[in-house]
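# Coordinate inspection notes
Here is what each chain is made of, one letter per residue.
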Amino acid sequence: MYKGRKIITGLILFVGLAAIPFFYNSGKTSVKPEPNIDTPAIQQLAEKQCVEPREFMKANHMQLLNDWRDSAVRDGSRIYVNSQGKQFTISLQNTCMHCHSNKAEFCDKCHTYANVKPYCWNCHIAPKENKT
Amino acid sequence: MNAILSLIAVIALILIALLGVKTANLHSLFGIAVPYAAMAIFLIGVISRVLKWGRSPVPFCIPTTCGQQKSLPWIKQSKLDNPSTTSGVIGRMLLEVLLFRSLFSNTAFELRNGPKVAYGSTRWLWLGGLAFHWSFLVVLIRHLRLFTEPVPACLSSLEVLDGFLQIGAPGLLLSGVVLLLAVTYLFLRRVLIPEVRYISLAADYFPLFLILSIALSGIIMRYFTKVDIVGVKALTLGLVSFNAVIPEGISVVFYIHLFLVSALLAYIPFSKIMHLGGVLLSPTRNMPNNSRMERHINPWNYPVHVHTYEEYENDFREKMKSAGIPVEKE
Ligand code: HEM
């Protein structure tokens, strides 16, 4: 081995770099976030269902919000008909957040976990419980 | 032909993942076993390749010397292009690794009207290479959000910066788009320029197609078909804490993405992508040009018996004298 010390140091650095995620999480048991749907508005629902089925909402709610925004702001159409034919008023604050009035316990739970920070709340007003 | 073979290989990989997960339901094979195996091959492969290189001797002092060598005090040395000290070498290496300086000086040869030779600079390869490597790095670093909990704040800032255009939801991330465009450019360059096509092998096209399909599957998953990120993160965190789980309901596109990444990782030690370690070990890049100040000893020199002129003369003095040949010592 020529220049052995430098090469071994480099290799140790390389392995160390690749191992960062393993060290970072060693000994931690990660808990999947459980978004809380226990809000007054949802308790009054006969059938506890979101705008669309849960599986769809989980992965597609950002797309849905984007479509809602386009349809309200660009097309002026503020009624959304879901896949079961039920009607909803298109509004982030008055529809989504009416049911999910616990933003910190619901939206933020997942978003912190997935490291997304929707900038929507720069302009839209988050439900009151969050203010304190 | 080389390109088509590589394309078929990548499509086969995609089909393997698709059929394996969708039809054969081998979620834990593709979600756990293959990624671990790929990581192991990657680490062990890279280490043994570098150790093998480390065992090759460098018989001569052979740094590339692209500028004025260190000489008399009144001749200006080109310190970065022709370094004579270790710090100079580190500076040149850093600029090479971070900015691809040697590609910047890439020259194209052309014949202008009449047989007039001209050398112009071609900066497109440099620009495309730079865009490709940097966006790849940013995408890779951003992916760490799937492997860390809690996510370090610097990753959030990087993601905000990367998504500063705030187009749509989920927000468009620039680095992913740049990566896709840059790989496409690097591929088109190989097929459209005849002399580059002539020297392109399957081993050149395959990594390009592989990375192209990784980026494409990622982009499809984020912007089009969607995937349950919370589920994905449970899987990835499980992988890095050696506590692997397969959550329900992750779309097959994710498994394809993961399988292609695993294929890339396992392929790296055997391929030209090893240049990531090779650049640091290139004698032409990592040696200072101090051949006039320090003697470079060939490490495989074995002691050679030297017969000096003095000894020669001692052996033959009398004979030389009698033949009338001048000698140094009487
Ligand atoms: C060679 C390494 C990789 C490359 C080049 C790559 C590339 C990409 C790209 C370009 C995207 C599109 C979104 C963006 O720009 O971030 C993406 C998304 C994604 N990748 Fe990767 N990827 C790699 C490794 C991985 C690994 C190891 C995993 C997980 C095990 C993974 C999981 C994902 C997921 C879940 C998404 C969707 C993200 C979202 O919806 O926000 N990728 N990838």
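Our subject is the structure listed above.
From a predicted model like this one, the values you see are computed outputs, not experimental measurements.

Cut-offs applied
- Residues numbered from 1 in each chain as written.
- Chains lettered and ligands numbered in written order.
- Predicted model: local features only at pLDDT ≥ 70, side-chain atom pairs only at ≥ 80, totals over all residues.
- Heavy atoms only, no water.
- Helix = DSSP H or I, 4+ residues; strand = E, 2+ residues; numbered from the N terminus.
- Rg over C-alpha atoms; globule rule 2.2 N^0.38 Å.
- Buried < 20%, exposed > 50% of the residue type's maximum accessible area, 1.4 Å probe, protein only.
- Contact = heavy atoms within 4.5 Å.
- Areas by Shrake-Rupley, 256 points an atom, 1.4 Å probe, with all protein chains shown as cover.
- Lys, Arg positive; Asp, Glu negative; His and termini not counted.
- Charge placed at Lys NZ, Arg CZ, Asp CG, Glu CD.
- Polar contact = N/O pair within 3.5 Å; in protein donor to acceptor, adjacent residues only side chain to side chain.
- Phe/Tyr/Trp six-rings, centres within 6.5 Å; stacked < 30°, edge-to-face > 60°.
- Lys NZ or Arg CZ within 6 Å of the ring centre and 35° of its normal.
- Near = heavy atom within 4 Å.
- Pairing = 2+ DSSP bridges.
- Salt bridge = Lys/Arg side-chain N within 4 Å of Asp/Glu carboxyl O.
- Buried area = accessible area lost by both parts, 1.4 Å probe.
- Nonpolar A, V, L, I, M, F, W, Y, C, P; charged D, E, K, R; others polar.
- Donors = N, O, S within 2.8 Å, 3.2 Å for Na, K, Ca; no water.
- Tetrahedral: all angles 85-135°; square planar, octahedral: opposite > 155°, others 65-115°.
- Axes fitted to C-alpha atoms, helices over the stretch in contact; angles between N-to-C directions.
- Parallel < 35°, antiparallel > 145°, perpendicular 65-115°, else oblique.
- Left-handed = near helix turned anticlockwise from the far one by under 90°.

### Focus on the overall build of chain B
- Along the backbone of chain B there are 14 helices and two strands.
- The C-alpha radius of gyration computed for chain B amounts to 28 Å, which surpasses the reference 20 Å derived for 330 residues by more than 25%, pointing to a less compact arrangement than a globule.
- C-alpha atoms of chain B, sized along the principal axes, occupy 100 × 55 × 45 Å.
- Counting all 330 residues of chain B, 40% fall into the buried class.
- Look at the contacts in chain B between residues 6 or more apart in sequence, and 65% of them connect residues 24 or more apart.
- With the model as given, the accessible surface of chain B reaches about 19200 Å², and the carbon-plus-sulfur share is 69%.
- Charged side chains in chain B number 28 positive and 18 negative. The centres of these two groups are separated by 9 Å.

### Considerations on the side chain of B:Thr236
Residue and element names in this part refer to chain B.
- Here threonine 236 is to be found in helix H10 (residues 229–240).
- Among the residues examined, threonine 236 registers a relative accessible area of 4% and is labelled buried.
- A polar contact is formed between the side chain of threonine 236 and the backbone oxygen of leucine 146, at a distance of 2.6 Å.
- Beyond its immediate sequence surroundings of up to four residues, threonine 236 is in contact with Leu146 and Phe147.

### Focus: the packing of aromatic side chains
- Across all of its chains, the model carries 13 aromatic pairs over all chains by this definition.
- Seen in terms of ring centroids, A:Trp68 and A:Tyr80 are 5.5 Å apart; in terms of plane orientation they differ by 55 degrees. Their pairing is tilted. Highlighted residues: A:Trp68 in helix H3 (residues 54–74) and A:Tyr80 in strand S1 (residues 79–81), separated in sequence by twelve residues.
- Taking relative accessible area as the criterion, A:Trp68 reaches 4% and is therefore assigned buried.
- Looking at A:Tyr80, the relative accessible area reads 18%, which means it is buried.
- With a centroid separation of 5.0 Å and an interplanar angle of 50 degrees, the aromatic rings of B:Phe187 and B:Phe209 are classed as tilted. One end of the pair, B:Phe187, is in helix H7 (residues 174–192); the other, B:Phe209, is in helix H9 (residues 202–225), and 22 residues separate them in sequence. For the pair formed by B:Phe187 and B:Phe209, the shared burial category is buried.
- B:Arg123 extends its terminal NZ or CZ atom over the ring of B:Phe104, reaching a point 3.7 Å from the ring centre.

### Re the site of the ligand
Residues and elements named next belong to chain B.
- The full set close to the ligand counts 24 residues, and Arg142, His143, Arg145, Arg222 and His257 are the nearest of them.
- Taking arginine 145, its side chain carries an N or O atom lying 2.7 Å from an oxygen atom of the ligand.
- Contact between the ligand and histidine 257: a nitrogen atom at 2.8 Å from a side-chain N or O atom of the residue.
- Counting only elements with at least two residues in the shell around the ligand, the list comes to helix H5 (124–143), H9, H10 and helix H11 (252–267).
- Take the shell around the ligand: its biggest share by element is six residues, from H9.

### Some details on the pairing of strand S1 (residues 107–112) of chain B
Residues and elements named next belong to chain B.
- Sheet topology note: the S1/strand S2 (residues 116–121) ladder contains six bridges and is antiparallel. Across the sheet, residue phenylalanine 109 finds its bridge partner in S2, namely tyrosine 119.
- Where S1 hands over to S2, the hairpin turn is made up of three residues, of which glycine 114 adopts a positive phi near 80 degrees.

### Regarding the pattern of salt bridges
- Applying the stated criterion to the full structure yields 13 salt bridges over all chains.
- Here A:Arg74 and A:Asp70 are joined by a salt bridge, their closest N and O atoms 3.8 Å apart. Of this pair, A:Arg74 and A:Asp70 both sit in helix H3, separated by four residues, roughly a single helical turn.
- With a shortest N-O distance of 3.1 Å, B:Glu149 and B:Lys233 are connected by a salt bridge. Taken together, the positions of B:Glu149 in the loop between H5 and helix H6 (153–162) and B:Lys233 in helix H10 put the pair 84 residues apart, joining distant regions of the chain.
- Overall, B:Glu149 belongs to the partly exposed group, its relative accessible area being 24%.
- We classify B:Lys233 as buried; its relative accessible area is 0%.
- One salt-bridge network, held together by shared partners, links B:Arg190, B:Asp204 and B:Lys272.

### Focus: the interface of chain A and chain B
- Across the boundary between the two partners, chain A contributes 31 residues, which contact 45 residues of chain B.
- Interface of chain A and chain B: buried area, both sides summed, is about 3300 Å²; carbon and sulfur atoms make up 67% of it.
- Put simply, chain A and chain B have one salt bridge between them.
- Along the contact surface separating chain A from chain B lie nine residue pairs in polar contact (both at pLDDT 80 or more).
- At the level of elements, helix H1 (4–25), H3 and helix H5 (107–114) of chain A are the ones that each hand at least two residues to the side of chain A that touches chain B.
- Per-element tally for the side of chain A that touches chain B: the top contributor is H1(A), with ten residues.
- Partitioned by chemical class, the residues of the side of chain A that touches chain B number 19 nonpolar, seven polar and five charged.

### Quick look at the coordination of the iron atom of the ligand
Residues and elements named next belong to chain B.
- Summarising the metal site, the iron atom of the ligand is bound by the protein donors His143 (NE2) and His257 (NE2), whose distances to it range over 2.0 to 2.1 Å.
- The coordination sphere of the iron atom of the ligand comprises six donor atoms, whose angles at the metal cover 84 to 179 degrees; the geometry is octahedral. Placement of the pair is histidine 143 in helix H5 and histidine 257 in helix H11, with a sequence separation of 114 residues.
- You can call histidine 143 partly exposed: its relative accessible area is 31%.
- Judged by its relative accessible area of 12%, histidine 257 is buried.

### A closer look at the environment of B:Leu13
All names here are of chain B.
- For leucine 13, the location among the structural elements is in helix H1 (residues 2–23).
- Overall, leucine 13 belongs to the buried group, its relative accessible area being 16%.
- When the C-alpha positions of leucine 13 and leucine 95 are compared, they lie 36 Å apart, and in sequence the two are 82 residues distant.
- Aside from chain neighbours lying at most four places away, what touches leucine 13 is Phe206, Leu210, Phe259, Leu260 and Ala263.

### Re the packing of H7(B) against H9(B)
Residues and elements named next belong to chain B.
- Remark: H7 packs on H9, axes separated minimally by 10 Å, with the N-to-C direction vectors making an angle of 150 degrees. Here H7 is positioned roughly antiparallel relative to H9, judged by the angle of their axes. As H7 packs across H9, the resulting crossing turns out to be left-handed. Contacts between H7 and H9 involve Gly176, Leu179, Leu180, Val183, Thr184, Leu186, Phe187, Arg190 and Val191 from the former and Asp204, Tyr205, Leu208, Phe209, Ile211, Leu212, Ala215, Leu216 and Ile219 from the latter.

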